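Residues per chain, in single letters:
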Amino acid sequence: MKEISEEERKWLERLAEPVAELKHIALDIEVYNPKGVMPQPENPEYPIFIISLCGSDGLKKVLVYNLRGDIKEEDIEFDKFEVEVFEDEISLIRRALDIIRDYPILITFNGDSFDLPYILARSKRLGFMEVGDYIERGKNEFRISWGIHIDLYKFFKNVSIKTYAFSGAYDVISLGSIARALINKDKKELPGYFDDLPMKDIIEYGYNDAEITLELTQFNDNLVMKLIVIISRISNMTIDDVTRLSVSNWIRNRIFYLHRIKNYLIPRPDEIREKKWVRHFQPVTKGKKYVGALVIDPKPGIHFNVVVVDFASLYPSILKEYNISYETVNCPHKECMSNLVPETTTWICSRKKGLISEFAGIIRDIRVNVFKRLSKDENIPKAQREFYGVIQRALKVIINALYGVIGADTFQFYYLPAAEAVTLYGRYVIKKAIEKADEMGLEVIYGDTDSLFIKNPDVEKLDNLVTYIKDRYRLQLEIDKIYKYTVLSSRKKNYFGITDNGIVDIKGLMGKKSNTPPYIRDIFYQILDKLRTVEDIGQFKVVKNDIIKIINEAESKLISKDIPLEELVITVTLSKKTDQYTKTTPQHVKAARMLERALGIKLQPGHMIRIIKTKNSEGVAPIELVKSLDQVDSKKYIELLHSTLEQILEVLEIKVNRRRKIATIDENRMSLDKFFKF
DNA sequence: TATAGGCATCCCACCCTATAGAT
DNA sequence: ATCTATAGGGTGGGATGCCT
């Protein structure tokens, strides 16, 4: 391993310091609201009647205010937890606050927007003013006076945490969905409103929420708590802030710190903006700020024995190797002005190492060379290994975001020429790699950003290419995977392949997308399953017939509507409130508005709308309002089936004739001959 | 109080033109 | 012969979900 500096070593040791077991308690409240009315902290007119508490030390308690006066002995007998009953609301709240005061960390799910503000506001309304000694209103959060309040909702909502720490395992940010994804537990749902339910059920429900909330911090040997502490060490931020702010804030804070230890002045954003500010190329996508990655036109066809090589951490490596940082790109030194980024007038400092560049290098090195290695070292006890794994993941979150934040105009050290320099170097090296491959007689059939698909390569030539790139550009090419065969169409970011170990790898195809109806997705996977077995070109002929049979049956079923409604549902995310769609009204928004009218509710952003294509004037309806299969528009589903399958079948020379019109389905039952040309 | 850009797809919203029917 | 309503084609771009 390369020598590391004293500074790096100190940081490394600090990161690896064991995380203390932090005593914490989860809290969840229930407010006795009438049917259909959401309790609002701004107007706390309804009483708090249940406070559930679950502590890391084993405390399990539900405090209940007997507001209906109907609690009987058997209502409060539970094996799992203890119940305390109170005859007035203030006593209930006071008791809860006294208990949680013994814990330095309070855990909630939505505590910033509901539980804590409601307790605060309700107590004040009741005249229990001492509550102010416990709960304090912050700018965008609610704090506890004696310790730390973590709102897990905000933490799990963080995009970096969601995508990089948990690989996007959950999509909806709710206690139920996250619990199912991460701890494989189902949140209990109440079968009705509080008014109609026995107290015993409500109490159990309340406890369940607090228990799940606590477990979200404890699974995998306190993974979440450790992750929070590690990110706090990387970013030099308090736990309160780490759990509420995004990755750009974590990085910003770390970079502040790097300035301080080097005695550098921290520039204001407008000072960076006064530097030379040139954009050299139009972005490919309209509305973007600068040009991004290069995607190679795929060579359509079936390709056997394809080796995929990619640049290891391309953008972080470029940041490090090419000294890119907000202050080194277009630096003030005259002598650096000849050190140009290819095809631009942007120059890069050759006198001083850039802060961000150095940061990228340190993180990349200690992640790969230290923590990743330690996390796989069999000689280290398992628990310790897993801890190193957590550190490695936290570093990955940071390194993955580093290039992105430089190109984000909300970031304190945003500098467009620096971001553009990264992507331009990326485009440059991948082009050079392809040129070299061509020269060596290696056939590149596709590539995206940092990868090259090389058909049937000679091993020695491949080695030479890797060496060439390493020597010439200081970047590491490595083999990512090998496809027994891969099927490319003319579409970029759309292909599938069967790896050498028999895994079907699907990228970007419609059949895989979450907004494809389950029925069509299933047909799609059935076809891919047939293709999985293919070893050579001759076997395609055999499976082709099976595939045609599958499609034929699927069409028949769609026409005769012999499919459960659930299988035809198209799930789409509502990303804004329904009245905020002003330019167009997409189908799912039409359906969402219908649902809002029918149920008298307001749907919130993030809600998954489940639509069915129907024969009404709108052409769509939410599944909740579709009474019978007769309303289903079979024609639309057949069109959808065809366009989904076309992506894989056109290359296999099974042509789906999409333009064909189907006037009336009954009389015009399509035969295969009409649909496929061989 | 959003880390980046590139790409495929569906379909809405709008413009234009061909056509049938009205004047 | 000219005008008008309407259907259908063409197109640009909004929205979503994906890839790296």
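Counting starts from 1 at the beginning of each chain's written sequence and moves along it residue by residue. To read the labels, note that chains go from A and ligands from 1, taken in the order they are written. Side-chain atom pairs in this predicted model are given and counted only at pLDDT of 80 or more, local residue features only at pLDDT of at least 70, and totals for whole chains, interfaces and linings cover all residues. Calculation of side-chain values draws on the structure's entire complement of heavy atoms; hydrogens and water are dropped beforehand.

With respect to the secondary-structure elements, Ser317 resides in helix α11 (residues 314–321). Residues adjacent in sequence count toward polar contacts only when both atoms are side-chain atoms; beyond that, a polar contact is any pair of N or O atoms within 3.5 Å, and within protein one must be able to donate a hydrogen and the other to accept it. Among the polar contacts made by the side chain of Ser317, one reaches the side chain of Arg364 at a distance of 2.7 Å. We call two residues contacting when some pair of their heavy atoms lies within 4.5 Å. If sequence neighbours within four positions are ignored, Ser317 has contacts with Ala312, Tyr322, Arg364 and Leu475. Only runs of H or I of at least four residues qualify as helices and only runs of E of at least two qualify as strands under DSSP, and these elements are numbered from the N terminus.

Before going further, it helps to spend a moment on the protein's contact with DNA strand B. One heavy atom suffices: a residue is near a molecule or strand as soon as one of its heavy atoms comes within 4 Å of it. Asn140, Ala401, Arg491, Lys613 and Ser643 are the nearest of the 36 residues found near DNA strand B. Among the atoms of DNA strand B lying within 4 Å of the protein, the sugar-phosphate backbone contributes 86%. Here a phosphate oxygen of DNA strand B and a side-chain polar atom of Ser246 are 2.8 Å apart. Between DNA strand B and the protein, one listed contact pairs a phosphate oxygen with a backbone N or O atom of Lys289 at 3.2 Å. Per-element tally for the surface near DNA strand B: the top contributor is helix α13 (residues 382–406), with five residues. Class assignment for the residues of the surface near DNA strand B results in 13 nonpolar, 14 polar and nine charged. Residues are grouped as follows: nonpolar covers Ala, Val, Leu, Ile, Met, Phe, Trp, Tyr, Cys and Pro; charged covers Asp, Glu, Lys and Arg; every other residue, Gly included, is treated as polar.

Only protein chains enter the accessibility calculation, which uses a 1.4 Å probe; a residue whose area is less than 20% of its type maximum is buried, one above 50% is exposed, and one in between is partly exposed. Along α11, seven of the eight residues are buried, which leaves the element largely enclosed by surrounding structure. Listed in full, the buried residues belonging to α11 are Leu314, Tyr315, Pro316, Ser317, Ile318, Leu319 and Lys320. Looking at the buried residues of α11, the elements they touch are β10 (301–311), α12 (355–375), α13 and α14 (416–440). Asn323 lies just past α11 and shows a positive phi near 55°.

Classification of ring pairs rests on two measures: the distance between centres of Phe, Tyr or Trp rings, Trp counted by its six-membered ring, which must be within 6.5 Å, and the angle between planes, read as stacked under 30 degrees, edge-to-face over 60 and tilted in between. Going through the model one piece at a time under the given rule, you end up with 33 aromatic pairs. For the ring pair Phe109 and Tyr153, a centre distance of 5.8 Å and an interplane angle of 75° mean the geometry is edge-to-face. Of this pair, Phe109 sits in the loop between β5 (105–108) and α3 (111–126) while Tyr153 sits in helix α4 (residues 152–157), and the two are 44 residues apart along the sequence. For Phe109, a relative accessible area of 11% corresponds to the buried category. The class for Tyr153 is partly exposed, based on a relative accessible area of 23%. Ring pairs connect the aromatic residues Phe155, Phe156, Phe166, Tyr170 and Phe219, which therefore count as one cluster. Charges are assigned to positions over rings by a cutoff of 6 Å between ring centre and Lys NZ or Arg CZ, combined with an angular limit of 35 degrees from the ring normal. Looking at Lys23, its charged tip hangs above the ring of Tyr103, at a distance of 4.7 Å from the centre.

What follows concerns the sheet that holds strand β12 (residues 451–455). Spatial ordering of the open sheet is given by β9-β11-β12-β10-β13-β14-β15, a layout of seven strands whose pairing is antiparallel. Unpaired on one side and paired on the other, β9 (295–296) and β15 (504–507) mark the two borders of the sheet. Relative to β12, strand β11 (residues 443–448) runs antiparallel, the two sharing three bridges. Across the sheet, residue Tyr446 finds its bridge partner in β12, namely Phe453. All axes here are fitted lines through C-alpha atoms, helices being fitted over the stretch that makes contact, and every angle between N-to-C directions spans 0 to 180 degrees. Each of β9, β10, β11 and β12 is contacted by α14, which is oriented at about 15° to β12, the strand it contacts most. Any two strands with at least two DSSP-identified bridges between them are counted as paired.

Further remarks concern the protein's contact with DNA strand C. For DNA strand C, the set of nearby residues contains 22 residues, the closest of which are Asp450, Lys493, Ser514, Ser575 and Tyr581. Lys286 places a side-chain nitrogen or oxygen 3.4 Å from a phosphate oxygen of DNA strand C. Mapped onto the surface near DNA strand C, the elements with two or more residues apiece are β15 and β16 (570–573).

A word on the pattern of salt bridges. Once their charged atoms are close, side chains differing in charge can pair, the charge on each being opposite to the other. Salt bridges are defined by distance alone: a side-chain nitrogen of Lys or Arg within 4 Å of a carboxyl oxygen of Asp or Glu. As enumerated under the stated definition, the model contains 40 salt bridges in all. With a shortest N-O distance of 2.8 Å, Lys185 and Glu215 are connected by a salt bridge. Remark: Glu215 occurs in helix α7 (residues 199–235) and Lys185 occurs in the loop between α6 (175–183) and α7; sequence separation between them is 30 residues. Classification of Lys185 as partly exposed rests on a relative accessible area of 30%. A salt bridge links Lys484 to Glu535, with the shortest nitrogen-to-oxygen separation between them at 3.3 Å. With Lys484 in strand β13 (residues 477–488) and Glu535 in the loop between α16 (518–532) and α17 (537–560), this residue pair connects regions lying 51 residues apart in the sequence.

Look at α16: 20 Å from first C-alpha to last across 15 residues, which is about the 21 Å you get at 1.5 Å a residue. Those residues of α16 not exposed but buried are Tyr519, Ile520, Ile523, Phe524, Ile527, Leu528 and Leu531. The inward-facing, buried residues of α16 abut β13, β14 (495–499), β15, α17 and α19 (634–649). Expected helix span is taken as 1.5 Å per residue step, with the number of steps being one fewer than the number of residues.

A word on the nonpolar core. By convention a nonpolar core is built from buried Ala, Val, Leu, Ile, Met, Phe, Trp, Tyr and Cys residues, the set being connected through side-chain atoms within 4.5 Å. Within the largest apolar cluster, 160 residues are counted, with the highest numbers of intra-cluster contacts made by Phe156, Phe166, Ile251 and Ile324. Ranked by residues supplied to this core, first place goes to α7 with 18 residues. An automatic or database domain assignment supplies the start and end points of every domain. Composition of this core by domain shows at least three residues from each of domain 1 (9–219) and domain 2 (248–495). Residue contacts for Phe156: discarding those within four places in its chain leaves Lys162, Phe166, Tyr170, Ile173, Ile178, Leu182, Leu216 and Val224.

Although it is not a glycine, Asn222 sits at a positive phi angle of roughly 60°. Within the secondary structure, Asn222 sits in helix α7.

Take the domain arrangement of chain A next. Each assigned domain of chain A is listed here: domain 1 (9–219), domain 2 (248–495), domain 3 (509–561 + 637–675) and domain 4 (565–631). Across the contact, ten residues belong to domain 3 and 13 residues belong to domain 4. Summed over both sides, the interface of domain 3 with domain 4 buries roughly 880 Å², with 59% coming from carbon and sulfur. Note on definitions: buried area is the accessible-area loss of two parts on being combined, 1.4 Å probe, summed for both. When the buried area of domain 3 at its contact with domain 4 is split by residue, Pro518, Lys561 and Tyr637 rank highest and sum to 58% of it. Scanning the region where domain 3 abuts domain 4 turns up zero salt bridges. Between domain 3 and domain 4 we count four residue pairs in polar contact (both at pLDDT 80 or more) in total. At the level of elements, α16 and α19 are the ones that each hand at least two residues to the side of domain 3 that touches domain 4. Of the residues assigned to the side of domain 3 that touches domain 4, the class counts are six nonpolar, three polar and one charged.

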